[in-house]
Amino acid sequence: MENLNLEEVVYLVTNIGFPMAVCVILLRYVLQTIGSRLDKLDNSISKLNRSIRELDTEAKTTNASSERKKAE
């Protein structure tokens, strides 16, 4: 998201009023900030999911080899 320039801010203030302009600017900032944090959270969850699958695969392999040793 690009930054607001002075002309855009003046346009917002003159056309919709100062309180609404501040709300729009803050909303834009919050959405931009939250969007980048959500992307980071999504990446972290994907890594966690991969790690859990790897650990599950290792546990199944270990469990299967333990069962074979008991059977012998």
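Bear in mind the structure is a predicted one, so any value in this text is a computation, not a measurement. (Residues numbered from 1 in each chain as written. Predicted model: local features only at pLDDT ≥ 70, side-chain atom pairs only at ≥ 80, totals over all residues. Heavy atoms only, no water.)

Undergrad: Honestly, a nonpolar patch on the surface in this entry has me stumped. Any pointers?
TA: A grouping of Tyr29, Val30, Ile34, Leu38, Leu41 and Ile45 is seen on the molecular surface, where their side chains present a nonpolar patch of about 580 Å² in accessible area. Its place among the elements puts Ile45 in helix 2 (residues 18-71). (Patch = residues over 30% accessible without salt bridge, like charges linked within 9 Å, V, L, I, M, F, W, Y side chains within 5 Å. Areas by Shrake-Rupley, 256 points an atom, 1.4 Å probe, with all protein chains shown as cover. Salt bridge = Lys/Arg side-chain N within 4 Å of Asp/Glu carboxyl O. Helix = DSSP H or I, 4+ residues; strand = E, 2+ residues; numbered from the N terminus.)

Undergrad: Is there a simple way to think about the pattern of salt bridges in this case?
TA: It is possible for side chains bearing opposite charge to pair when their charged atoms get close. If you walk through the whole model with that rule in mind, you get one salt bridge. Taking the shortest distance from any N to any O, the salt bridge between Asp56 and Lys60 comes out at 3.4 Å. In this pair, Asp56 and Lys60 both sit in helix 2, four residues apart, roughly one turn of the helix. Judged by relative accessible area, Asp56 falls into the partly exposed class, the value being 38%. (Buried < 20%, exposed > 50% of the residue type's maximum accessible area, 1.4 Å probe, protein only.)

Undergrad: So what exactly am I meant to see when it comes to the packing of helix 1 (residues 6-16) against helix 2 here?
TA: Two quantities define a packed helix pair, namely the angle between the helix axes and the distance between the axes. The geometry of helix 1 relative to helix 2 is characterised by a closest axis approach of 7 Å and an angle of 135° between their N-to-C directions. Put simply, helix 1 runs oblique to helix 2. Taken as a pair, helix 1 and helix 2 cross one another with a handedness that is right-handed. Residue-level contacts link Val9, Leu12, Val13 and Ile16 of helix 1 to Phe18, Met20, Ala21, Val24 and Ile25 of helix 2. Grouping the amino acids of the contact of helix 1 with helix 2 by side-chain chemistry returns nine nonpolar, no polar and no charged. (Axes fitted to C-alpha atoms, helices over the stretch in contact; angles between N-to-C directions. Parallel < 35°, antiparallel > 145°, perpendicular 65-115°, else oblique. Left-handed = near helix turned anticlockwise from the far one by under 90°. Contact = heavy atoms within 4.5 Å. Nonpolar A, V, L, I, M, F, W, Y, C, P; charged D, E, K, R; others polar.)

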